[in-house]
Amino acid sequence: MIKIRRILSLSLLALLPAIALRAADTPTITISKSDMIAIAIQSVSGPDGAAVTKTLESDLAATGYFTLASPNSASYIVGGSSSGAELDGKVADHGGRAAVAGTYNGDARAKAHAFANDIVQTLTGNRGIAGTRIAFTATRSGAKEIYIADCDGTGIQQLTHDNSISVGPALSSDGHLLAYTGYKAGYADIYLVNLSNGSRNRIIKYPGTNSGPAFNPGGDRIACTLSKDGNPELYVCGLNGSAHRLTYTPGIESSPTWSPSGDEIIYSYDDHSGPQLYRISASGGSGEHLSTGYNYCTEPDWAPDGAKVAFNVREGGSFAVAVMDLRGGGVRVVAQGERPVWGPDSRHIIFSDDGVLYLMDVQSGRKKAIVTGLGRASEPTWAN
């Protein structure tokens, strides 16, 4: 449990403008320290203060909103004391006036993550990503299995040990549930894992293929592709396996992703001339084509802010990550790789490239490898 007393900051800084990129362009990102908030992080006192300080530095630097500075040149100074399971964290402006003050509970990393997210929320008005959870597929064991970790790649744990094919993980927004496509019974079925107690159930097991689960924002429904009626179509299913069919087409629907409101779904549709992105009501109806300018579009992921969707494009035989502005329609390629997923801040994405998972700040273009050495890591999902 975290107890927080928050004092509004004295000023909010404008976010960096997005720089439009196209697939054929050489990505050029110009970033200035003056565009970010200068903060100084003083050593947190206490037995685990060094660990808390190190985690805070990493968390705040990764956000893209802050640049680390000396106390004399910083706009805000971060500090505190940590004892046992409790951290008293404080942020003051250069004049000594309080901007954030709170008490945070847990181990060193948990306390630091909570404090870092509070700083981000208060000083920028945006959600933080520190301590949020991801899941992904990796082949370290020789089979495709599901793993979970923190979004910075720490704390990796193997979740499934099916010794078959376990793919397409999806996390609920609160991070408590995970659904995936598994072949443990010999067929492609959808399994549900409760990450709080470890229980697992095969919830969608119709004849044919059951694949590509995606949780709605409330975590009580799953969109997926089923072929129980012949052709692979898009369905919305309850966690008890009940299924409501959304599409009736001669092509193949896949990779659904929900709008933040839960009212709509974007998905990939292939009528055998190349997959394209479509948008449909979560209750059914006719899909609306989204014009991206690309002939091959798959694996969409709707950002939590509702304003954009990230997806794969393919040109010249390789995959790239593109972002589409759903309000203005503009599309830009931001990286080479596959299966992009948004973080809670709608600014960072995680994607795979050549068996490595990368965390990328879409606004600045900065990226870093977060999962390596697990065979081929792919298909990330992010709780948000």
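Numbers given for residues are sequential positions, taken from 1 along each chain in its written order. Under the rules for a predicted model, residues below a pLDDT of 70 receive no local features and side-chain atom pairs below 80 are neither given nor counted, while totals for whole chains, interfaces and linings still include all residues. Computation of side-chain values: all heavy atoms of the structure, hydrogens and water removed.

### As for the sheet that holds strand β19 (residues 264-270)
Inference 1: Note on pairing: two strands pair once DSSP finds at least 2 bridges between them. Runs of H or I in DSSP of at least four residues are treated as helices and runs of E of at least two as strands, each being numbered from the N terminus. On the basis of which strands lie adjacent, the open sheet formed by four strands has the order β18-β19-β20-β21 and antiparallel pairing. For this open sheet the edge positions go to β18 (252-258) and β21 (288-289), each flanked by a neighbour on one side alone.
Inference 2: Taken together, the six bridges between β19 and strand β20 (residues 276-281) define a ladder with antiparallel strand orientation. Each residue of the ladder has a partner; that of Tyr269, found in β20, is Gln276.

### Remarks on the pattern of salt bridges
Inference 1: A side-chain nitrogen of Lys or Arg and a carboxyl oxygen of Asp or Glu constitute a salt bridge if their distance falls within 4 Å. Taken as a whole, this structure holds 16 salt bridges when the rule is applied.
Inference 2: A salt bridge links Arg109 to Asp152, with the shortest nitrogen-to-oxygen separation between them at 3.2 Å. Of this pair, Arg109 sits in helix α2 (residues 108-124) while Asp152 sits in the loop between β8 (145-150) and β9 (157-158), placing them 43 residues apart in sequence.
Inference 3: Classification of Asp152 by relative accessible area gives partly exposed; the value is 23%.
Inference 4: Between Arg245 and Asp229 there is a salt bridge, and its shortest N-O distance comes to 3.7 Å. In this pair, Arg245 sits in strand β17 (residues 243-245) while Asp229 sits in the loop between β15 (221-226) and β16 (233-238), placing the two residues 16 residues apart along the sequence.
Inference 5: A network of salt bridges, in which partner residues are shared, links Arg109, Arg133, Asp150 and Asp152. The classification of residues rests on relative accessible area computed with a 1.4 Å probe and restricted to protein chains. Under 20% of the type maximum is buried, over 50% is exposed, and intermediate values are partly exposed.

### Notes on the sheet that holds strand β29 (residues 367-371)
Inference 1: Pairing in this open sheet of four strands is antiparallel, and the strands run β26-β27-β28-β29 from one edge to the other. Because the sheet does not close on itself, it has two edges, and the strands there are β26 (338-342) and β29. Taken pair by pair, the neighbouring strands of this sheet meet at an average axis angle of 30°, ignoring direction.
Inference 2: Alignment of β26 against strand β27 (residues 348-353), held across three bridges, turns out to be antiparallel. In the strand pairing of β27, Glu338 is matched with Ser352. Between N-to-C directions, angles cover 0 to 180 degrees, with each direction set by a line fitted to C-alpha atoms, over the stretch in contact for helices.

### So, the packing of aromatic side chains
Inference 1: Between the rings of Phe, Tyr and Trp (Trp by its six-membered ring), a pair exists once the centres lie within 6.5 Å; its type follows the angle of the planes, with under 30 degrees stacked, over 60 edge-to-face, and the other angles tilted. In this structure the tally under the stated criterion is seven aromatic pairs.
Inference 2: Ring geometry for Tyr267 against Tyr278: centres 6.1 Å apart, planes inclined by 25°, an arrangement best described as stacked. Pair noted here: Tyr267 is in strand β19 and Tyr278 is in strand β20, with a separation of 11 residues, a long-range link. With respect to burial, Tyr267 and Tyr278 carry one shared label: buried.
Inference 3: Ring centres of Phe351 and Tyr358 lie 5.8 Å apart, and the angle between their planes is 25°; on these two criteria the pair is classed as stacked. Here Phe351 matches Tyr358 in class, with each residue buried.
Inference 4: Throughout this description, the term charge over a ring refers to an Arg CZ or Lys NZ atom that lies within 6 Å of the ring centre and within 35 degrees of the ring normal. Sitting over the ring of Tyr206, Lys228 keeps its end group 5.1 Å from the ring centre.
Inference 5: The lysine or arginine in question, Lys367, covers the ring of Tyr358, its NZ or CZ lying 4.6 Å from the ring centre.

### A look at the environment of Ile350
Inference 1: With respect to the helices and strands, the residue Ile350 is situated in strand β27.
Inference 2: Distance in space between the C-alpha atoms of Ile350 and Asp152 is 9.8 Å, their sequence separation being 198 residues.
Inference 3: The contact definition used throughout considers only heavy atoms, calling two residues in contact when any of these lie within 4.5 Å. When near neighbours in sequence (up to four residues on either side) are disregarded, Ile350 contacts Ile134, Cys151, Arg339, Pro340, Val341, Leu357, Tyr358, Leu359, Ile370, Pro380 and Trp382.

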